[in-house]
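Here is what each chain is made of, one letter per residue.
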Amino acid sequence: MKEVKLGECGLSYAVVSIMGPQSSGKSTLLNHLFGTNFKEMDAFKGRSQTTKGIWMARCAGIEPCTIVMDLEGTDGRERGEDDTAFEKQSALFALAVSDIVLINMWCHDIGREQAANKPLLKTVFQVMMRLFSPRKTTLMFVIRDKTRTPLENLEPVLREDIQKIWDSVPKPEAHKDTLLSVFFNVEVVALSSFEEKEEQFIEQAGNLRQRFFHSIAPGGLAGDRRGVVPASGFSFSAQQIWKVIKENRDLDLPAHKVMVATVRCEEIASEKYSNFTTNEIWRHIEESVQSGPVSGFGKKISSLLDTSLSEYHSEAVYFDEGVRTSKQKQLEEKLLQVIQPTFQSMVGHLRSNALEKFKEAFEKALNSGEGFSSASSRCTESFMAQFDGGCADVVIPLADWDTSKTRDKLRRDIDAHVASVRAAKLAEVTSAFERKLTEALSGPVEALLDEAGDHTWQAVRKLYSLETESAMSGLADALTGLDMDEKTVEEMLAGLKDFARRGVIESKAREEAGRVLIRMKDRFSTLFSRDSDSMPRVWTGKEDIRGITRNARAASLKLLSVMAAIRLDDEPDTIAKTLSAALVDVPGSASSNRSLTLGDPLASSKWEEVPVPRTLITPVQCKSLWRQFKSETEYNVTQAMSAQEANKRNNNWLPPPWAIVAMLVLGFNEFMTLLRNPLYLGMIFVGYLLFRALWAQLDVSAEFRNGALPGLLSISTKFLPTVMNLMRKLAEQGQAPATTTNPQPNHALASSSMNNTTSHHSTTAPSSEGPPGLGYT
């Protein structure tokens with residue numbers, strides 16, 4: 001097949017075989033008839049077997065391509081007992097594969113009962129019955145060594161003998177009444193003797209040769225082509241037929257035709273599949289797609305597929321249509337299975353590229369100032385169209401693969417990215433307005449709660465309303481371009497308002513409520529220790545400490561009542577009245593009667609008019625805080641009262657009036673003595689100066705503030721050092737040289753000493769906040 005290129009002939013070929021007795025000149029006939037070179041018998045060496053088995057050759061110069069088979073002769077002595085078996089096998093093989101069967105017979109055997117052609121014809125007719133649905137074969141009887149008897153007289157006798165043999169051959173029930181013409185076209189030709197009339201034989205053989213030209217054309221010798229096997233499958237078909245014949249099984253030609261078509265179509269499909277997978281163009285595309293999209297992918301792959309399938313079709317076109325179509329479909333599926341991963345990668349690249357470019361373009365559009373809604377819709381439409389265009393370039397018509405899932409995924413990815421950018425923008429905008437609200441509300445609310453009064457929560461509500469309306473208006477304007485539905489916008493505005501209420505005001509109120517005790521003590525301390533002009537109080541003994549304490553505690557209780565609950569909803573409550581009635585000091589009898597009749601109004605964990613979520617300090621906690629507050633501020637009141645008593649004692653230096661009168665009456669004589677003797681007055685004056693200096697140096701008034709006994713003890717320890725220090729300074733003054741121009745009197749020393757001591761006292765005396773009369777200027 002390779003040598004004569006039979007596989008390229010398709011159905012344009014014919015197979016001719018020849019049968020006949022051994023040494024009847026079959027090979028000689030074939031060589032002259034078809035230009036072959038089969039081995040011929042050498043008559044000079046005797047008559048013996050020349051052709052063994054079955055030999056094949058291509059006819060020279062005959063169109064279409066014609067293959068001729070030279071079969072081993074029948075009735076040969078060399079094969080012996082095996083002759084009949086091989087004769088039937090070769091005859092069955094020739095009938096199965098040949099379009100034309102030449103039966104070589106001698107002219108003088110026609111009309112004989114036991115001539116050599118009868119066993120041969122019986123064999124041919126018997127094996128024909130073993131072919132299921134056989135094709136119609138041309139039997140050409142070649143009468144050799146024709147005598148003077150005209151062919152017109154020989155042919156009827158030969159046909160009659162052939163009919164008798166056909167009728168005598170046992171047939172299966174299905175073909176019992178079948179005519180010979182159904183299975184065979186019978187042709188009869190006669191040739192002169194090759195040995196006696198060689199030239200005439202050659203001329204007649206040449207004329208017969210002409211009949212084999214275009215033998216497969218309608219009306220030709222091989223016109224019946226129902227069971228023909230395409231030329232490319234002839235080799236395999238012949239092998240399989242011979243295998244079946246050797247196994248002595250009946251030969252089902254239609255099934256064999258399907259089997260041959262199946263095997264050959266599979267071989268062709270496998271070859272085309274292998275060629276495709278090793279194709280350099282395909283391998284280059286496959287490698288290139290791994291790193292990125294390939295331009296013209298769909299056209300290139302479709303071209304490769306069309307080439308592979310067209311090559312398959314051209315080689316398998318003559319095989320059974322059902323098998324051919326089935327194997328072509330399988331080839332398509334296998335090729336598409338190879339291509340599909342690359343196709344999916346290609347579509348994936350298109351999706352990834354479109355998504356990345358969308359992100360860049362979208363960000364650029366937003367940065368350039370384009371509105372969010374218009375930028376998202378414009379970029380989405382643009383890059384979805386770009387993806388669709390890329391898919392149109394990638395699509396393979398033969399595959400009919402759907403890219404809608406990838407397109408939907410791209411759309412979901414784009415929508416997700418837009419949603420994420422929108423969420424980031426929303427978070428940024430919302431955070432900005434939340435910060436703005438925090439700055440606008442936190443400080444003022446803290447200040448209002450610190451100055452807690454009757455209208456504190458009213459001021460907080462007003463501030464809350466103004467700031468939230470302003471922030472919500474600004475947020476609504478900021479959300480206009482973010483392509484959001486009305487419900488979502490309303491939810492965000494409500495969330496911002498809720499943040500202002502819960503996240504800022506209520507949070508700040510709870511924070512301040514945690515420091516309420518400190519605030520109460522600060523307020524009490526401020527009101528108790530400072531007067532209406534915010535000047536520090538000096539407890540001179542004239543102040544009403546009880547009244548001041550009551551007013552300061554009332555103000556602190558007001559602070560506690562304000563901080564007890566959140567009042568942003570402007571709902572009335574009786575917290576202030578309850579606290580005032582339960583905690584402010586009242587007459588003992590009334591308090592006792594009220595407790596007995598009504599019980600303790602603060603013995604509860606919630607306020608009656610206030611929901612639990614808006615409660616900052618429960619009644620029980622208020623009671624506990626007030627008790628702690630009173631305990632920690634009691635010391636301030638005690639200190640104030642002690643300061644008043646000490647101030648009173650410090651300012652009461654004169655003796656009682658009766659003592660003064662007694663002193664005047666009883667000391668009249670002494671007083672008169674002093675008036676009569678002025679020297680006593682000078683000594684008394686010097687003594688007074690010394691006493692005054694010691695008083696200032698010892699700071700007697702300050703020492704006696706803490707009591708008489710502690711003052712005496714302190715003065716006794718300091719008295720001697722102070723006297724010694726004073727005497728030392730007097731001595732130093734006495735030793736200083738006196739000036740002649742301005743002599744000092746004796747009493748100047750004492751005066752100078754007093755001035756020094758008073759000057760020292762002025763630097764160490766207590767501040768003006770202490771009791772009066774203890775400092776000097």
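Residues numbered from 1 in each chain as written. Predicted model: local features only at pLDDT ≥ 70, side-chain atom pairs only at ≥ 80, totals over all residues. Heavy atoms only, no water.

Going by the annotation in an unreviewed UniProt entry, the name recorded for the protein is Protein ROOT HAIR DEFECTIVE 3 homolog, with Kalanchoe fedtschenkoi given as the source organism. The record held by UniProt for the protein lists under Function (unreviewed entry) the comment "Probable GTP-binding protein that may be involved in cell development." For the protein, the Sequence similarities (unreviewed entry) comment in UniProt is given as "Belongs to the TRAFAC class dynamin-like GTPase superfamily. GB1/RHD3 GTPase family. RHD3 subfamily." (UniProt positions renumbered as here; feature names shortened; annotations may be inferred.)

**Comments concerning the overall build of the protein**
Of the regular secondary structure elements, the protein holds 26 helices and eight strands. In the protein, the share of contacts with a sequence separation of at least 24, taken over all contacts with a separation of at least 6, comes to 72%. Within the structure as shown, the protein displays about 42,900 Å² of accessible surface, and the carbon and sulfur contribution to it stands at 53%. (Helix = DSSP H or I, 4+ residues; strand = E, 2+ residues; numbered from the N terminus. Contact = heavy atoms within 4.5 Å. Areas by Shrake-Rupley, 256 points an atom, 1.4 Å probe, with all protein chains shown as cover.)

**Considerations on the packing of helix H14 (residues 456–479) against helix H15 (residues 486–514)**
Where H14 meets H15, the axes come as close as 10 Å, and the angle between the chain directions of the two elements is 145°. In the crossing of H14 with H15, the sense of the turn from one axis to the other is right-handed. Residues Trp457, Val460, Tyr464, Thr468, Ala471, Met472, Leu475, Ala476 and Leu479 of H14 pack against Val489, Met492, Leu493, Leu496, Lys497, Ala500, Arg501, Ile505 and Ala509 of H15. The class makeup of the residues in the contact of H14 with H15 is 15 nonpolar, one polar and two charged. (Axes fitted to C-alpha atoms, helices over the stretch in contact; angles between N-to-C directions. Left-handed = near helix turned anticlockwise from the far one by under 90°. Nonpolar A, V, L, I, M, F, W, Y, C, P; charged D, E, K, R; others polar.)

**A closer look at the nonpolar core**
The biggest cluster of nonpolar side chains holds 158 residues, and the ones touching the most others in it are Tyr13, Phe125, Phe141, Phe184 and Leu560. A per-element tally of this core places helix H11 (residues 321–367) first, with 16 residues. Excluding its chain neighbours within four sequence positions, the residues that come into contact with Phe125 are Leu139, Ile162, Ile165, Trp166, Val169, Leu180 and Phe184. Val68, Leu102, Met140 and Ala222 belong to the second-largest nonpolar core, a separate cluster that totals 22 residues. (Core = buried A, V, L, I, M, F, W, Y, C linked by side-chain atoms within 4.5 Å. Buried < 20%, exposed > 50% of the residue type's maximum accessible area, 1.4 Å probe, protein only.)

**Re empty space enclosed by the protein**
Empty space among the atoms becomes apparent when a probe as large as a water molecule is rolled across them. Scanning all chains against the criterion turns up three cavities of 30 Å³ or more. Taken as a whole, the largest cavity holds about 50 Å³ of empty space. Lining the largest cavity are Arg567, Asp570, Glu571, Pro572, Asp573, Glu609, Val610 and Arg614. Taken as a whole, the second largest cavity spans an internal volume of roughly 40 Å³. (1 Å grid on protein atoms, 1.4 Å probe; cavity = no way out; pocket = protein on both sides within 12 Å on 5 of 7 lines; lining within 4 Å. Points joined across faces, edges and corners; volume = space filled by probe spheres on them.)

**Some details on the confidence of the model for the protein**
Atomic detail in the predicted coordinates should be set aside for any region of low pLDDT. Here the protein averages 80 in pLDDT, and 86% of its residues register 70 or above. The model gives residues 43–48 a pLDDT under 50, and that stretch makes nine contacts with residues more than four places away or in other chains. This model gives residues 586–597 a pLDDT under 50, and the stretch forms five contacts once residues within four places in sequence are excluded. (pLDDT = per-residue confidence, 0-100.)

**Digging into the UniProt feature "transmembrane region" (unreviewed entry) in the protein**
Taking the numbering used here, the UniProt-annotated feature "transmembrane region" (unreviewed entry) corresponds to residues 679–696. Counting secondary structure, residues 679–696 comes out at 100% helix and 0% strand; the distance between its end C-alpha atoms is 26 Å.

**Describing the packing of aromatic side chains**
Going through the model one piece at a time under the given rule, you end up with 15 aromatic pairs. Look at Phe194 and Phe201: their rings are 5.2 Å apart centre to centre, the planes differ by 75°, and that puts the pair in the edge-to-face class. Using a relative accessible area of 22% as the deciding quantity, one classes Phe194 as partly exposed. Taking relative accessible area as the criterion, Phe201 reaches 0% and is therefore assigned buried. By way of ring pairs, the aromatic residues Phe358, Phe362, Phe372 and Phe383 are connected into one cluster. (Phe/Tyr/Trp six-rings, centres within 6.5 Å; stacked < 30°, edge-to-face > 60°.)

**Focus on the packing of helix H23 (residues 678–698) against helix H25 (residues 708–735)**
Here H23 crosses H25 at 125°, and the two axes come no closer than 10 Å. The angle between H23 and H25 places the two elements in the oblique class. Here H23 and H25 pass one another in a crossing that is right-handed. Contact residues: Leu690, Ala693, Leu694, Gln697 and Leu698 in H23; Ile715, Lys718, Phe719, Thr722, Val723, Leu726 and Leu730 in H25. Split by residue class, the contact of H23 with H25 holds nine nonpolar, two polar and one charged. (Parallel < 35°, antiparallel > 145°, perpendicular 65-115°, else oblique.)

**Focus on the side chain of Lys508**
Among the structural elements, Lys508 can be located in helix H15. Taking the relative accessible area as the measure of exposure, Lys508 reaches 10% and is therefore buried. If near-sequence neighbours (up to four positions away) are discounted, Lys508 is found in contact with Ser442, Val445, Glu446 and Leu449.

**Here's the deal with the sheet that holds strand E1 (residues 13–19)**
Across the sheet, which stays open at both edges, the six strands sit in the order E2-E3-E1-E4-E6-E7 with mixed pairing between neighbours. Each of the sheet's edge strands pairs with one partner strand only, and the pair in question is strand E2 (54–58) and strand E7 (184–190). Each adjacent strand pair in this sheet contributes to an overall mean axis angle of 20°, direction not counted. Relative to E7, helix H4 (residues 151–168) is tilted by about 145°, and along the sheet it contacts strand E4 (100–106), strand E6 (137–144) and E7. (Pairing = 2+ DSSP bridges.)

**A look at a nonpolar patch on the surface**
A cluster of nonpolar residues, Leu679, Tyr680, Leu681, Met683 and Ile684, forms a patch on the protein surface that exposes about 500 Å² of accessible area. Its place among the elements puts Leu681 in helix H23. (Patch = residues over 30% accessible without salt bridge, like charges linked within 9 Å, V, L, I, M, F, W, Y side chains within 5 Å. Salt bridge = Lys/Arg side-chain N within 4 Å of Asp/Glu carboxyl O.)

**Some thoughts on the pattern of salt bridges**
Under the counting rule described, the total for this entry stands at 30 salt bridges. Among the ionic pairs, Glu446 bridges to Arg519, the shortest N-O distance being 3.7 Å. You can see Glu446 sitting in helix H13 (residues 404–450) and its partner Arg519 sitting in helix H16 (residues 516–529), a full 73 residues away along the chain. One salt-bridge network, held together by shared partners, links Glu446, Asp450, Lys508, Glu511, Glu512, Arg515 and Arg519.

**Considering the pairing of strand E3 (residues 65–71)**
Burial analysis of E3 places seven of its seven residues in the buried class, the great majority of the element. Two strands pair when backbone bridges link them, and E1 and E3 are joined in this way by six bridges, in the parallel orientation. Bridge assignment links Val16 to a residue of E3, and that residue is Val68. Sheet analysis places E2 next to E3, joined by five bridges and oriented antiparallel. Bridge pairing in E3 places Trp55 opposite Asp70.

**Focus on unusual backbone geometry**
With omega at -5°, the peptide bond leading from Glu63 into Pro64 counts as cis. Within the secondary structure, Pro64 sits in the loop between E2 and E3. Residues other than glycine seldom take positive phi values, yet Lys5 does so here, at roughly 55°. Tracing the chain through its elements places Lys5 in the segment before E1. Residue classification places Lys5 among the exposed positions, given a relative accessible area of 52%.

**Focus: the state of the cysteines**
Counted by the stated rule, this structure contains zero disulfides. The thiol of Cys9 is unpaired, and the distance to the nearest cysteine sulfur, on Cys65, comes to 4.3 Å. (Disulfide = S-S within 2.5 Å.)

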